Each structure stands twice: as structure tokens, then as C-alpha cells.
Amino acid sequence: MTEESTLTGQAPPPVRDWSTPDLDGTDFDPTLAGLMREGPLTRIRLPFGEGWAWLATRHDDVKLITNDPRFSRTEVTHGQVTRMAPNFAPRPGSLAWADQPDHNRLRKPVAGAFTVSAMKRLRPRAQALLDELVDGVLRDGPPADLVERVLEPFPLGVVSELMGVPAEDREQVHTWTREIISTNGVEAAGRAKDGLYGWITATIRSRADRPGEDVYSMLGGAVARGDVREEEAVGLAGPLQIGGEAVTHNCGQMLYLMLTRPELMQRMRARPEARGPVLDELFRWIPHRSSVGLARIALEDVEIAGHRIAAGEPVYVSYLAANRDPAVFPDPDRIDPDRDPNPHVAFGNGPHFCTGTVLARLQTELLVDTLLDRLPGLRLAVPAEQVQWRHRTMIRGPRTLPVTWSS
């Protein structure tokens, strides 16, 4: 990557080191805020990998890049692009790294498990699981750690139900997924990936001749029919299994905001029928991850925001930054429950729009409704500054959320 290859009449921006420090609370990453002020297209170097990458932060540019076939995810797997995660071992079949038309071919075997109608079928089972967890919280009485008692086990149970994970294997699967999304080091993440993907391989093989509506049975059948190879089915299942972790921590941030902003809690309680738009605004606002996600590689020279991104150069987009673009979201740093329109990109954009969006929305809605409705007077049991936050992780959220209520 040469300096000259980036020019279209203006000097390229300097390369900024982004060390992704541990952040407590829901504060916006100050490094990302600085990059947004610097310009719509900047250059960054992350803790792992090699070289530097472009970073797009403007809403329009993020949507363009994520929906433009001139930017490839597959090409990233052929090198060591600068990145946040210590471990980089893309697996064949992973939707995250697939370009079209492979992306649609790989997504097809499991698409039926994530439709609106499938979520309607899942909803009663999910509600029953959640009610059982909240029953236990009420039975034991206050105080309680919502993360430990509800926010961790509920998404794990729902995703495991959807995927078809046997009850006796769920805790081990959860241990692996939690380690994979941490940034504790290459060795620990590698061991966890080996364990999880080995288990997934065995599970898919065992279901080749066992029809069912769960994802592992769907994938077992797809492999048996020759629709996808076994290694592709395994690579497809892993990120879906890990996805439950995001609901835990995103919803933890949302509840923390309600518990520390009385006007927000009052709005949620006063107008339960209108909670949906408020949750949508919280999806836009919360800093759901550290740093950035997965890169793309330019397949040809592309001009964006007055700079030429040369063929072969890596590009990141920041959905967090796009969701704070003042050109699209007036007063973007304010939580506005009545924001309309709200074209946020919290679930991504383009072909890589999150497969589990409908599932994540369902779980978040159930969690918020059930906890607010069944725990009257819900409030923090400790001062806000004593809430502990997750460190050394790609997904931000409270590690504990001690609460009490009017019993």
C-alpha cells in the first residue's frame, strides 16, 4: 500500500493507532469520536495483524461500502489485515467472510430458522424460559444480579433452543463462546474455537439423517443433500451459536441506561405499548462493541470522501459512528425516544445484515417487558459507579447488574 495510491488531490490522513482501551459505562469511545472529527475517511492501525486500514465513519459511506461488491470480505482471509482480535483463523463456510453468490448459497439452509414466522413459533418457548428464570429471582428475593440470573442464561437458552443444543451441553458451549469473544489472547481463544467447532462438527454429523426444525438438524440435512460441504456447515453454525452473547450485553447496557436515567425508565413504564421505538433508539445509541468489526478489501480503485482507496487496501466501517452521524441523526449524542425516522445500522447493512436480527429483537423485547412488568420499582442495588463492566472483550456491557425491587 503506497501513499501515492491513496491520493486524489489531497494528502492522505495520518495513520492513528487505536488501542481499544477498556471502557466502563456507556461512554462513547473517545478515540472513535476523535476519528469522526478528523474526517469521514481516516486511517487506523489496530493491536493485531499487519499494516493499516481505512476507516469510514459517515452514515452514507458506511452504507455504500457495505453494499458495494467492489469491497470483498473473502479477500481479507488471504492475509493478515490489521485487526482487533488476537486470533485470526477464518473457517470455510463462515457467512462473515463470504461474498456473493456464495453468501446466499450458504445462508439458504438456515434462513428458515430466522424468519418472522419462525420467531412467532419460538416466542412462547422463549417466554416460558424467561418466566422460569424470573420466577427464581422473585422466589429468592432482592437483591439479584440480573446478568448472572437472567441476561446470561436467557439468550444462551434461546439460542441453544433454536440451534438444537442438548441441555447437558449448554454450559460448556457457553464457556467456549464467552472465551471466543474475549481478547484474552491467541492461545485461549484458539482453544475455545477448537473446542466449540469440534463439538459443532460432531453434532452436525449426528443429525444428517434426523429431520428437525433446529439449525443443527437443518445443517445436517443440507450436508447430506450436498447443498453445502460439512466444513461450510460448521463455519456457518459457529457465529450463529456465538450470537447469543451480544443480546446479553446489549440488553445489559439498555437496562443500565434505564436504571440510571429516571426519565427513560418513567417513559418505558408510562407507555408500555410504545416501548418498541424507544428500544430502537437504544439500539442506535448504545456503544455495543469495542473498536470495529470485520474488514473488507477493495477489489479495484474506489474514490470515497475525496480519497482514492486503491485496489488491495483494507477498509473498515464503524456502525457506531454511522449511528452518531449528525447529518442523519440530529443531536446524535442524545437519547431521543421519539426519534423519527431512525435509520440506524446497529444490525449492519447490505448482504451481511445480521442473520439473527429478528431473534435479537425478540429477545430484547421479551427481556425488557418481562423485567419491567414483573419487578415493580426495579432499581440499582449499588451506586451506578459500582457496577462492574466487561474488560478485554469485543462486545461491551456490564459484567454485573445488581438490582433490587419492591417485593
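The name given to the chain in an unreviewed UniProt entry is Cytochrome, with the source organism recorded as Streptomyces yokosukanensis.

Asker: Before we go on, may I ask you to explain the overall build of the chain in this structure?
Answerer: Across its full length, the chain holds 15 helices and eleven strands. Taking 407 residues into account, the globule formula puts the C-alpha radius of gyration at 22 Å, and the chain, at 21 Å, falls close to it. Oriented by its inertia axes, the alpha-carbon framework of the chain measures out at about 65 × 55 × 40 Å. Classification of the 407 residues of the chain by burial places 56% in the buried group.

Asker: Any chance you could explain the pattern of salt bridges here in plain terms?
Answerer: A side chain with one charge can pair with a side chain of the opposite charge if their charged atoms come near. Going through the model one piece at a time under the given rule, you end up with 26 salt bridges. Here aspartate 140 ties to arginine 149 by a salt bridge, and the two come within 3.0 Å at their closest N and O atoms. The class for aspartate 140 is exposed, based on a relative accessible area of 54%. When its relative accessible area of 26% is taken as the criterion, arginine 149 is described as partly exposed. In this structure, aspartate 227 and arginine 225 form a salt bridge, with 2.9 Å as the shortest nitrogen-oxygen distance. Connected via shared salt-bridge partners are Asp102, Arg105, Arg229, Glu231 and Glu232.

Asker: Explanation requested: the pairing of strand β9 (residues 314-317) in the structure shown.
Answerer: Two faces belong to every sheet, and in a regular strand the side chains alternate between them. The alternating pattern of β9 places Pro314 and Tyr316 on one face and Val315 and Val317 on the opposite face, and all of these are buried. Inspection of the sheet shows strand β3 (residues 53-56) paired to β9 by three bridges, in the parallel sense. Bridge assignment links alanine 56 to a residue of β9, and that residue is valine 317.

Asker: What is the right way to look at the environment of glycine 293 in this model?
Answerer: Within the fold, glycine 293 resides in the loop between α13 (275-285) and β6 (296-298). You can call glycine 293 partly exposed: its relative accessible area is 34%. Sequence separation between glycine 293 and serine 318 is 25 residues; the distance between their C-alpha atoms is 7.7 Å.

Asker: I tried to follow the sheet that holds strand β1 (residues 15-17) on my own but got confused; where do I start?
Answerer: Sheet strands pair via backbone hydrogen bonds, and the direction of the pair is either parallel or antiparallel. Strand order in this open sheet of six strands is β1-β2-β3-β9-β6-β4, and the pairing throughout is mixed. Where the open sheet ends on each side, the last strands, each with one partner, are β1 and β4 (71-72). Two elements, β6 and β9, share two bridges in a ladder whose sense is antiparallel. Counterpart to arginine 296 in the pairing with β9 is valine 315. Packed on one face of the sheet, helix α1 (residues 30-38) meets β1, β2 (41-45) and β3 and runs near 145° to β2. In the packing of helix α2 (residues 59-66) onto the sheet, contacts are made with β3, β4, β6 and β9, and the angle to β9 comes to roughly 125°.

Asker: Just checking my understanding: could you explain the environment of isoleucine 242 for this structure?
Answerer: If you trace the backbone, isoleucine 242 turns up in helix α10 (residues 230-242). Spatially, the C-alpha atom of isoleucine 242 lies 5.3 Å from that of threonine 177, the residues being 65 residues apart in sequence.

Asker: What should I look at first to understand the nonpolar core in this one?
Answerer: Most often, soluble globular proteins keep nonpolar side chains buried together rather than apart. Of all hydrophobic cores here, the largest spans 81 residues; its most connected members are Val215, Met258 and Leu401. Each residue touching methionine 258, except ones within four places of it in the same chain, is listed here: Leu264, Met265, Met268, Leu279, Leu282, Val368 and Leu372. Residues Leu32, Phe88, Trp97 and Ile297 belong to the second largest nonpolar core, which totals 19 residues.

Asker: Which parts of the structure should I look at to understand the state of the cysteines?
Answerer: Simply put, disulfide is the name for a covalent bond between the sulfur atoms of two cysteines. Evaluated as defined, the whole model comprises zero disulfides. The thiol sulfur of cysteine 251 is not disulfide-bonded, and the nearest other cysteine sulfur, from cysteine 354, lies at 15 Å. You can call cysteine 251 buried: its relative accessible area is 1%.

Asker: Please clarify how the packing of aromatic side chains should be interpreted in this entry.
Answerer: Two numbers describe a pair of aromatic rings. These are the distance of the centres and the angle of the planes. Scanning the model with the defined rule gives four aromatic pairs in all. Residues tryptophan 52 and tryptophan 54 carry aromatic rings whose centres are separated by 5.6 Å and whose planes lie at 85° to one another, so their mutual orientation is edge-to-face. Of the two residues examined, tryptophan 52 and tryptophan 54, each falls in the buried class. One cation-aromatic arrangement involves arginine 284 over phenylalanine 329; the distance from NZ or CZ to the ring centre is 5.3 Å.

Asker: Help me out: how do you make sense of the packing of helix α4 (residues 116-140) against helix α15 (residues 357-374) in this one?
Answerer: When two helices pack together, you describe them by how their axes are tilted relative to each other and by the distance separating the axes. With their axes 10 Å apart at the nearest point, α4 and α15 run at an angle of 35° to one another. Between α4 and α15 lies a crossing of right-handed hand. In this structure, α4 contributes Val116, Met119, Leu122, Arg123, Ala126, Gln127, Leu130, Asp131, Val134, Asp135 and Leu138 to the contact, and α15 contributes Val358, Leu359, Leu362, Glu365, Leu366, Leu367, Thr370, Leu371 and Arg374. Residue classes in the contact of α4 with α15 are distributed as 13 nonpolar, two polar and five charged.

Asker: Help me out: how do you make sense of the side chain of arginine 73 in this one?
Answerer: Assignment of secondary structure puts arginine 73 in the loop between β4 and α3 (102-111). A polar contact of 2.6 Å, which involves the side chain of arginine 73, links it to the backbone oxygen of alanine 96. For arginine 73, the contacting residues outside a window of four places in its chain are Ala96, Trp97, Asp99, Leu294, Ala295, Arg296 and His352.

Asker: I'm lost on the environment of threonine 66 in this one. Help?
Answerer: In this fold, threonine 66 is placed in helix α2. A relative accessible area of 4% means that threonine 66 is categorised as buried. Sequence separation between threonine 66 and glycine 348 is 282 residues; the distance between their C-alpha atoms is 8.2 Å. Contact partners of threonine 66, with chain neighbours within four places excluded, come to Arg296, Val317, Tyr319, Asn349, Gly350 and Pro351.

Parameters and conventions
Residues numbered from 1 in each chain as written. Predicted model: local features only at pLDDT ≥ 70, side-chain atom pairs only at ≥ 80, totals over all residues. Heavy atoms only, no water. Helix = DSSP H or I, 4+ residues; strand = E, 2+ residues; numbered from the N terminus. Rg over C-alpha atoms; globule rule 2.2 N^0.38 Å. Buried < 20%, exposed > 50% of the residue type's maximum accessible area, 1.4 Å probe, protein only. Salt bridge = Lys/Arg side-chain N within 4 Å of Asp/Glu carboxyl O. Pairing = 2+ DSSP bridges. Contact = heavy atoms within 4.5 Å. Axes fitted to C-alpha atoms, helices over the stretch in contact; angles between N-to-C directions. Core = buried A, V, L, I, M, F, W, Y, C linked by side-chain atoms within 4.5 Å. Disulfide = S-S within 2.5 Å. Phe/Tyr/Trp six-rings, centres within 6.5 Å; stacked < 30°, edge-to-face > 60°. Lys NZ or Arg CZ within 6 Å of the ring centre and 35° of its normal. Left-handed = near helix turned anticlockwise from the far one by under 90°. Nonpolar A, V, L, I, M, F, W, Y, C, P; charged D, E, K, R; others polar. Polar contact = N/O pair within 3.5 Å; in protein donor to acceptor, adjacent residues only side chain to side chain.

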